[in-house]
Amino acid sequence: MMNFRNTFYALLCLASLSLSAQNPYTDNITSILESSEQQHKARIAFGLVRLSDGKTLCEYRSRERFVPASIVKVLSTGALMLERGRHYRYPTEIYTVGQIQSGQLQGALLIRGSGDPSLGTELIEGERYRFTNELLRALQERGIREITGGIYLDASLATGVGPVDSWAKEDLDKAYGTGLYGLNYADNQVGGRAEHNPAQTLAAAIETRLRFAGITIGKAPTVSYEGYEPEGSLLHTYYSQPLEVLAKVTNHRSMNMYAEAIAQRLNPNLDRGIALSNYWRKQLGLSAQDISLADGSGLSRDNQVNAYALSKALVKLFGGQLTEDGTLVATLPRLGAEGTIRNLMPETRVQGYLKSGSMRGVATYIGYVHYGDDWYAIVYLTNGMPSARQARGVFAAIIDDLFPQA
């Protein structure tokens, strides 16, 4: 009996040592998180998954719900890349309504959007005037020199347009608080503030471009956010840059309107937060307790998600081990060098691709880290931190502990 007992305890000790060797992270990280919560009177959640085998190496408050802020953009961009592919492009359709005779369109021009967030943007090289130039070329190719009935712009969306209902009022006039429309233009911003009638701004840009080229327009442009039926002939379809380009702008610059546009394409007939929540619940077998979203960008404080759901989503979205392979990781800013995390640990020794989220009382990071021979999915959520600077300090301490200098 004594020999059996000694053998049993020896085996138990060996198993414990083996587990500790495989997963040396939990004790130190838990200590950092617990002491940080006590010091700052905040809640923190954390998750670390090794992607080579899907093993969860560390988790803390992984099933508690948090307000996530802008890291929701990873869920939006990732979901549409999975569903539509990285080469998906938004169409904007141009119709002629009426007869074309002797260079005259005896009727109207109708432009119908699908929510492309990038029309007239200066954030992507070559996009500022591409739409108006393509429109002009399409008219010239048909020999149209006059439009008697004017230009109609259909800026509607099936689920409605404008800001999300649960966004805070103080955010709505900020550049980051612009809503989504069927036709968006110049990032829906004027003078650093939100533009709430972007299709009218687009209409003015079109009218100016066509008149400058010598095309006569009989009536002032008309905009509808309720919708028009085309009842005409398709003249031209303009396509946005590929989704992978738009997703990179979204995640590098944390563009709320782009994220809303991307989430909208998951199910154009369903509220964006509901569509996104339903998508990830179905994909990952999650419950409403795990993920419940009110928008596609993270600007709403009604968004709730836990670290468990985010970790599973990151595992699902990791498609390869090169940042050039077209997977989600290629759309995320590089740690210490790009986007919203360029000033986070600028001399870090790890290769990281992360999305940050920040609003009053909320600071979050999710993404991927390459260290040694392995890739890791990492989730860090804080609610109630006194400042983003303090939240960053805790995150830096975690990175230092997890990935020490060789």
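By convention here, each chain's residues receive numbers from 1 onward along its written sequence. Thresholds applied to this predicted model are a pLDDT of at least 70 for local features of residues and 80 or more for the giving and counting of side-chain atom pairs; totals over whole chains, interfaces and linings are not thresholded and use all residues. Side-chain metrics rest on all non-hydrogen atoms present in the structure, leaving aside hydrogens and water.

Asks: How would you explain the packing of helix α2 (residues 26-40) against helix α10 (residues 388-402) if you had to name every residue and give the values?
Replies: Axis separation between α2 and α10 bottoms out at 10 Å; the angle between their running directions is 165°. Taken together, the axes of α2 and α10 lie roughly antiparallel to each other. For the crossing formed where α2 meets α10, the hand is right-handed. Contacts between α2 and α10 pair Asn 28, Ile 29, Ile 32, Leu 33, Ser 36 and His 40 from the former with Gln 390, Val 394, Ala 397, Ile 398, Asp 401 and Leu 402 from the latter. Side-chain classes follow a simple rule in which Ala, Val, Leu, Ile, Met, Phe, Trp, Tyr, Cys and Pro form the nonpolar group, Asp, Glu, Lys and Arg form the charged group, and the remainder, Gly included, forms the polar group. Residues of the contact of α2 with α10, tallied by class, amount to 7 nonpolar, 4 polar and 1 charged. Here the axes come from fitting lines to C-alpha atoms, over the contacting stretch only for helices, and the angles between their N-to-C directions go from 0 to 180 degrees. The numbering of helices and of strands both runs from the N terminus, where a helix is a DSSP run of H or I of at least 4 residues and a strand a run of E of at least 2. Here the angle decides the label: under 35 degrees means roughly parallel, over 145 means roughly antiparallel, 65 to 115 means roughly perpendicular, and every other value means oblique. A clockwise turn of the near helix away from the far one marks a right-handed crossing, whereas an anticlockwise turn of less than a right angle marks a left-handed crossing. We call two residues contacting when some pair of their heavy atoms lies within 4.5 Å.

Asks: Break down the packing of aromatic side chains for me, with residues and values.
Replies: What counts as a ring pair is set by centres within 6.5 Å for rings of Phe, Tyr and Trp (its six-membered ring), and what kind of pair is set by the plane angle: stacked under 30 degrees, edge-to-face over 60, tilted for all other angles. All chains considered together, the criterion is met by 13 aromatic pairs. Between Phe 318 and Trp 375, the aromatic rings sit 5.4 Å apart at their centres with planes inclined by 45°, giving tilted as the arrangement. On the criterion of sequence distance, the pair formed by Phe 318 in the loop between α9 (307-317) and β14 (351-359) and Trp 375 in strand β16 (residues 374-383) is long-range, its members being 57 residues apart. As far as burial versus exposure is concerned, Phe 318 and Trp 375 are alike and both buried. Through successive ring pairs, a cluster of aromatic residues spans Phe 318, Tyr 353, Tyr 368 and Trp 375. The rule for a charge over a ring is simple: NZ of Lys or CZ of Arg within 6 Å of the ring centre, and within 35 degrees of the ring normal. Its end group placed over the ring of Phe 66, Arg 43 keeps NZ or CZ at 4.0 Å from the ring centre. The ring of Tyr 88 has Arg 84 lying over it, and the distance from NZ or CZ to the ring centre is 4.9 Å. Think of it in three bands: with a 1.4 Å probe and only protein chains considered, a residue is buried below 20% of the maximum accessible area for its type, exposed above 50%, and partly exposed in between.

Asks: So what's going on with the pairing of β16? Residues and values would help.
Replies: Burial within β16 is extensive, with 9 of its 10 residues counted as buried. Criterion used throughout: strands pair if DSSP finds at least two bridges between them. Where strand β1 (residues 43-50) meets β16, 8 bridges bridge the pair, whose relative direction is antiparallel. Paired with Leu 48 across the two strands is Ile 378, which belongs to β16. Examined bridge by bridge, strand β15 (residues 362-371) and β16 share 10 bridges and lie antiparallel to one another. Following the sheet pairing, His 370 is matched in β16 by Trp 375.

Asks: Requested: an account of the sheet that holds β15, with residues and values cited.
Replies: Here we have 5 strands laid out as an open sheet, ordered β2-β1-β16-β15-β14, and antiparallel in their pairing. The strands lining the two open edges of the sheet, one partner per strand, are β2 (55-60) and β14. With direction set aside, neighbouring strand axes in the sheet form an average angle of 5°. Here 5 bridges tie β1 to β2, and the two strands are oriented antiparallel to one another.

Asks: Explain the nonpolar core to me, and be specific about the residues and the numbers.
Replies: Put simply, a nonpolar core is a bunch of buried Ala, Val, Leu, Ile, Met, Phe, Trp, Tyr and Cys residues held in one set by side-chain atoms that sit within 4.5 Å of each other. Grouped together as the largest cluster of nonpolar side chains are 51 residues, with contacts concentrated most on Leu 75, Leu 276, Trp 280, Leu 310, Tyr 368 and Leu 381. At the level of secondary structure, the elements contributing two or more residues to this core comprise β1, α3 (72-84), α6 (243-253), α7 (256-264), α8 (272-284), α9, β15 and β16. Discounting chain neighbours no more than four positions away, the residues touching Leu 381 are Arg 43, Ile 44, Ala 45, Phe 66, Ile 71, Val 305, Asn 306, Ala 307, Leu 310, Ala 363 and Thr 364. Ranked by size, the runner-up nonpolar core spans 31 residues in total, among them Ala 363, Tyr 365, Val 369 and Met 385.

Asks: Can you explain α3? Please cite residues and give values.
Replies: Over its 13 residues, α3 runs 18 Å from end to end, which matches the ideal 18 Å to within 8%, given 1.5 Å per residue. Of all 13 residues making up α3, 10 are buried, and the element is well covered by its neighbours. Buried within α3 are the following residues: Val 72, Lys 73, Val 74, Leu 75, Ser 76, Thr 77, Gly 78, Ala 79, Leu 80 and Met 81. The positive-phi residue at the C-terminal boundary of α3 is Gly 85, with phi of around 90°. To estimate the expected span of a helix, subtract one from its residue number and multiply by 1.5 Å.

Asks: How would you sum up the pattern of salt bridges? Please name residues and give values.
Replies: By convention in these notes, a salt bridge is any Lys or Arg side-chain nitrogen within 4 Å of a carboxyl oxygen on Asp or Glu. A full pass over the atoms with the stated rule returns 12 salt bridges. The residue Glu 207 makes a salt bridge to Arg 211 at a minimum N-O spacing of 3.1 Å. With Glu 207 and Arg 211 both in helix α5 (residues 198-212), this residue pair falls 4 residues apart, about one helical turn. On the accessibility criterion, Arg 211 (40% relative accessible area) is partly exposed. Salt bridges linked by common partners bring Glu 37, Arg 43, Arg 61 and Glu 64 together as one network.

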